[in-house]
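Working through the structure, step by step
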Protein chains: 2
Amino acid sequence: MSMDLTFLGTGSAYPSPHRGASAVVLRTEGECWLFDCGEGTQTQLMKSQLKAGKINKIFISHLHGDHLFGLPGLLCTVSLNYSPTQPPNCVDIYGPVGLRHFLRVALELSGSQLVFPYAVHELEPTGDQCPPEGLLSPTVTQSSESLHPQERPGRTICLEGESDCYLLFEEKHFTVKAFRLFHRIPSFGFCVQEYDRPGRLNTHLLKELGLTPGPLYGQLKNGETITLENGQVVKPSEVLEPAIPGRKVCIFGDCSSLLGEGGLKACRGADILVHEATLADGFQERAVEHGHSTPSMAAAVARSCEVRRLVLYHFSQRYKPVSLQKDSEEDDVLELQRQAEDALKGTATEVSLAEDFLTLPIPIKRSN
Amino acid sequence: MSMDLTFLGTGSAYPSPHRGASAVVLRTEGECWLFDCGEGTQTQLMKSQLKAGKINKIFISHLHGDHLFGLPGLLCTVSLNYSPTQPPNCVDIYGPVGLRHFLRVALELSGSQLVFPYAVHELEPTGDQCPPEGLLSPTVTQSSESLHPQERPGRTICLEGESDCYLLFEEKHFTVKAFRLFHRIPSFGFCVQEYDRPGRLNTHLLKELGLTPGPLYGQLKNGETITLENGQVVKPSEVLEPAIPGRKVCIFGDCSSLLGEGGLKACRGADILVHEATLADGFQERAVEHGHSTPSMAAAVARSCEVRRLVLYHFSQRYKPVSLQKDSEEDDVLELQRQAEDALKGTATEVSLAEDFLTLPIPIKRSN
Ligand SMILES: [Zn+2]
Ligand SMILES: [Zn+2]
Ligand SMILES: [Zn+2]
Ligand SMILES: [Zn+2]
């Protein structure tokens, strides 16, 4: 199954002509998931090869405008562009408490009707995910008004004590969890874990045993032991190649640190870890003061989790994309990459810089 | 005093890479007023020659997303880019009832703090400005929550029966009014009227009378009659050139028609009338069904008001900007101009098409 990640916006604080506000799309066959939706995401989508009408799940890491303010407009435009023949499914939206009220007010006051239903599933943050002034008062988030006409009731998802994670859902191919981050307001990271899949049947071996393609193949693939006509017993492990480990993609919201063990556990061994790096190492104090990370801080997370690839994004708008950088540029985004690479010396982790419209394929892993 | 109008977005329904969502800036010396603020307006501002930090008044014609969803982000970014030495003034925001609640919720839930105060002055629509389903229920708009920390109390402005207009404010150089439009939800047009200014002193004549520049000049300019040392009486009308008539700029929100006489009266003789033309004349039925206008409908308003220049904007995204049109293009935006021009034959009204980043100077009028 093919799988890739496309960055629609890699800038911090606000969208600029050079870097859109945060938005990342994870595509697999039949699924198109959007992580964060800063202002202008719908326009970035139009500029990309992706189709807005395919998005069926949306994840909002935190409620800062550069991750949120594009959401009402995106939903309206997706709705306008839905082909009438395509049956509109429910769009599931996951994000911190407050998201449901924001969307309801924005859609209601703008008189927006959608051609598909949507549901907002809210993550209940813990009180230590931000300084006290970053917590919303319950009067702001507990909306008493009724559902928007296209809104379906959503769940409220609480932290699971044992895993220190939020279980968002389990579906056919993936489990998706969220974990806690520390930022100026409560922020979350998301972990998409593909299930391991059974290895291929060794057809060479099967032929030697006298089996031709048919129902017995399916039984073996499903893990059943079979008995041949000649009485020989064949176990799946004898004719199956090793299992194909599922891929893991982790996308962090804004943060100056992880909170608890949930994130480290969830992200262990990730194929791709997408982490913010708002400012260069030299500005670490300022970055942390604003709830943000530097390349070395991102690298430390990647090192702890032993990930294959660390992708940096959410750059301060002072860092121009490489293609627009002048030789004399003081703020060199490549320097951010070098800082992360230095901090990861001696590990196998590779470092990439995200740019708007970069697509990273996530290849199927070789068997372990 | 120089005065110009810059179009930041000229597309309808949603922002696209070719046409931003609705946003128009009126600039005069020291004033920078934004009319509508669709998603992406802040990015369009960055691409233009204008400075977001100069915007001191904002007018929202109606609450559809393509006129509104850029507002919270714009305020946040203006706030980020304010120079610390510039004293932050109150930003006054005018728009339909519901705007105050929308902004409060968006800023509050996103944890946005502004470095300047703002006030939302709400226009109370009448019940006949849209079909019944377009009216907001009072429970949605009457927010009981307290002001945002940077919010100052705003006025609620009601229709004045006699003028059939809403008086927004009168300041040093301008009176600004709003008038009612019919659309899918309550929509408004805005009329900016510059005051007439006294003509220049005819210095040639004054010298002949033996007057040298001094306090008497000022008295004459202020309309006072003076008596010279030789007993001669000089009336201002004898030495002043004719008054310079104030300019008038009218900007319409989405509409399929005016409602009442207010708009026609307010816009009479306008220098510039900016009117939507979402679809070509051939689609009039569909345009009206969606609360929109065609070029001929816009031209009819311009004809009734005897305006100098009609500027069309808010084009369906099917109409590409002229510079991007292919010869084979079925939907030719120039056809919209021709349709308005045809409908205005026999009048002195000129027609322009707005494009993103077009700036129209509004020259001082010659004396009548
Ligand atoms: Zn951010
Ligand atoms: Zn943030
Ligand atoms: Zn519109
Ligand atoms: Zn509209």
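Rules used throughout
- Residues numbered from 1 in each chain as written.
- Chains lettered and ligands numbered in written order.
- Predicted model: local features only at pLDDT ≥ 70, side-chain atom pairs only at ≥ 80, totals over all residues.
- Heavy atoms only, no water.
- UniProt positions renumbered as here; feature names shortened; annotations may be inferred.
- Helix = DSSP H or I, 4+ residues; strand = E, 2+ residues; numbered from the N terminus.
- Rg over C-alpha atoms; globule rule 2.2 N^0.38 Å.
- Buried < 20%, exposed > 50% of the residue type's maximum accessible area, 1.4 Å probe, protein only.
- Contact = heavy atoms within 4.5 Å.
- Areas by Shrake-Rupley, 256 points an atom, 1.4 Å probe, with all protein chains shown as cover.
- Lys, Arg positive; Asp, Glu negative; His and termini not counted.
- Charge placed at Lys NZ, Arg CZ, Asp CG, Glu CD.
- Donors = N, O, S within 2.8 Å, 3.2 Å for Na, K, Ca; no water.
- Tetrahedral: all angles 85-135°; square planar, octahedral: opposite > 155°, others 65-115°.
- Buried area = accessible area lost by both parts, 1.4 Å probe.
- Salt bridge = Lys/Arg side-chain N within 4 Å of Asp/Glu carboxyl O.
- Polar contact = N/O pair within 3.5 Å; in protein donor to acceptor, adjacent residues only side chain to side chain.
- Nonpolar A, V, L, I, M, F, W, Y, C, P; charged D, E, K, R; others polar.
- Least-squares fit on C-alpha atoms with pLDDT ≥ 70 in both.
- Axes fitted to C-alpha atoms, helices over the stretch in contact; angles between N-to-C directions.
- Parallel < 35°, antiparallel > 145°, perpendicular 65-115°, else oblique.
- Left-handed = near helix turned anticlockwise from the far one by under 90°.

- Named according to an unreviewed UniProt entry, chain A is Zinc phosphodiesterase ELAC protein 1 originating from Alosa alosa.
- Entered under Subunit (unreviewed entry) in the UniProt record, the comment concerning chain A runs "Homodimer."
- Recorded in UniProt under Cofactor (unreviewed entry), the annotation for chain A is "Zn(2+)".

A short note on the overall build of chain A
- Tallying secondary structure elements over chain A gives 12 helices and 19 strands in all.
- For chain A, whose C-alpha radius of gyration is 23 Å, the value lies close to the compact-globule estimate of 21 Å for 368 residues.
- Its C-alpha atoms give chain A principal-axis dimensions of roughly 75 × 55 × 40 Å.
- Taking all 368 residues of chain A together, 57% fall into the buried category.
- The contacts in chain A between residues at least 6 apart in sequence include a share of 68% that link residues at least 24 apart.
- Summing over all exposed atoms, chain A offers an accessible surface of approximately 15,700 Å²; the carbon and sulfur share of this is 50%.
- Side chains of chain A give 34 positive and 45 negative charges; the mean places of these two sets differ by 5 Å.

A closer look at the coordination of the zinc ion (ligand 2)
All names here are of chain A.
- Coordination of the zinc ion (ligand 2) by the protein is provided by His-62 (NE2), His-64 (ND1), His-183 (NE2) and Asp-254 (OD), with metal-donor distances spanning 2.2 to 2.3 Å.
- Around the zinc ion (ligand 2) sit 4 donor atoms; with metal-centred angles ranging over 88 to 166°, the donor geometry is irregular.
- Going along the chain, you hit the donors of the zinc ion (ligand 2) in the pattern H-x1-H-x118-H-x70-D.
- Between the zinc ion (ligand 2) and the zinc ion (ligand 1), a spacing of 3.4 Å is present, and a bridge between the two is formed by Asp-254. With His-62 in the loop between β4 (57-59) and α2 (65-68) and His-183 in the loop between β10 (174-182) and β11 (187-194), this residue pair connects regions lying 121 residues apart in the sequence. Accessibility classification places His-62 together with His-183 in one group, the buried group.

Details of the coordination of the zinc ion (ligand 3)
All names here are of chain B.
- The zinc ion (ligand 3) binds to the protein through Asp-66 (OD), His-67 (NE2), Asp-254 (OD) and His-314 (NE2), with metal-donor distances spanning 2.1 to 2.2 Å.
- Coordination geometry of the zinc ion (ligand 3): the 4 donor atoms subtend angles of 89 to 165° at the metal centre, consistent with an arrangement described as irregular.
- Site description for the zinc ion (ligand 3): donor spacing in sequence, D-H-x186-D-x59-H.
- The distance between the zinc ion (ligand 3) and the zinc ion (ligand 4) comes to 3.4 Å, and Asp-254 binds to both of them.

Some thoughts on the interface of chain A and chain B
- Every contact between the two is made by 38 residues of chain A and, on the other side, 38 residues of chain B.
- With both sides pooled, the region where chain A packs onto chain B buries about 2,700 Å², and carbon together with sulfur makes up 72% of that total.
- At the boundary of chain A with chain B, the tally comes to 0 salt bridges.
- The tally of links from chain A across to chain B stands at 4 residue pairs in polar contact (both at pLDDT 80 or more).
- Among the secondary structure elements, those contributing two or more residues to the side of chain A that touches chain B are α1 (41-47), α3 (71-81), α4 (99-109) and α5 (138-141) of chain A.
- Broken down by element, the side of chain A that touches chain B gets its largest block of residues, 7 residues, from α3(A).
- A breakdown of the residues in the side of chain A that touches chain B according to their chemical character gives 18 nonpolar, 17 polar and 3 charged.

Things to note about the relation of the copies chain A and chain B
- For the pair chain A and chain B, the superposition axis carries a translation of 0.0 Å, the fit reaches an RMSD of 0.1 Å, and the rotation angle comes to 180°. The symmetry that links the two subunits is that of a two-fold axis. The C-alpha atom lying nearest the rotation axis in chain A is that of A:Gly40; the distance is 2.7 Å.
- Same-surface contact between copies: 100% of interface residues of chain A are shared with the interface of chain B.

Some remarks on the packing of helix α11 (residues 295-305) of chain A against helix α12 (residues 333-343) of chain A
Residue and element names in this part refer to chain A.
- Remark: α11 packs on α12, axes separated minimally by 8 Å, with the N-to-C direction vectors making an angle of 40°. Judged on the interaxial angle alone, α12 and α11 are oblique. When the axes of α11 and α12 are compared, the crossing they make is right-handed. Contact residues: Pro-295, Ser-296, Ala-299 and Arg-303 in α11; Leu-336, Gln-339, Ala-340 and Ala-343 in α12.
- In terms of residue class, the contact of α11 with α12 is made up of 5 nonpolar, 2 polar and 1 charged.

Focus on the packing of α4(A) against helix α4 (residues 99-109) of chain B
- It is the contact of α4(A) with α4(B), at a shortest axis distance of 10 Å, that shows an interaxial angle of 155°. The orientation of α4(A) relative to α4(B) falls into the category roughly antiparallel. Crossing hand, α4(A) versus α4(B): left-handed. Where α4(A) approaches α4(B), its residues A:His101, A:Phe102, A:Val105, A:Ala106 and A:Leu109 are matched on the opposing element by B:His101, B:Phe102, B:Val105, B:Ala106 and B:Leu109.
- Considering only residue class, the contact of α4(A) with α4(B) consists of 8 nonpolar, 2 polar and no charged.

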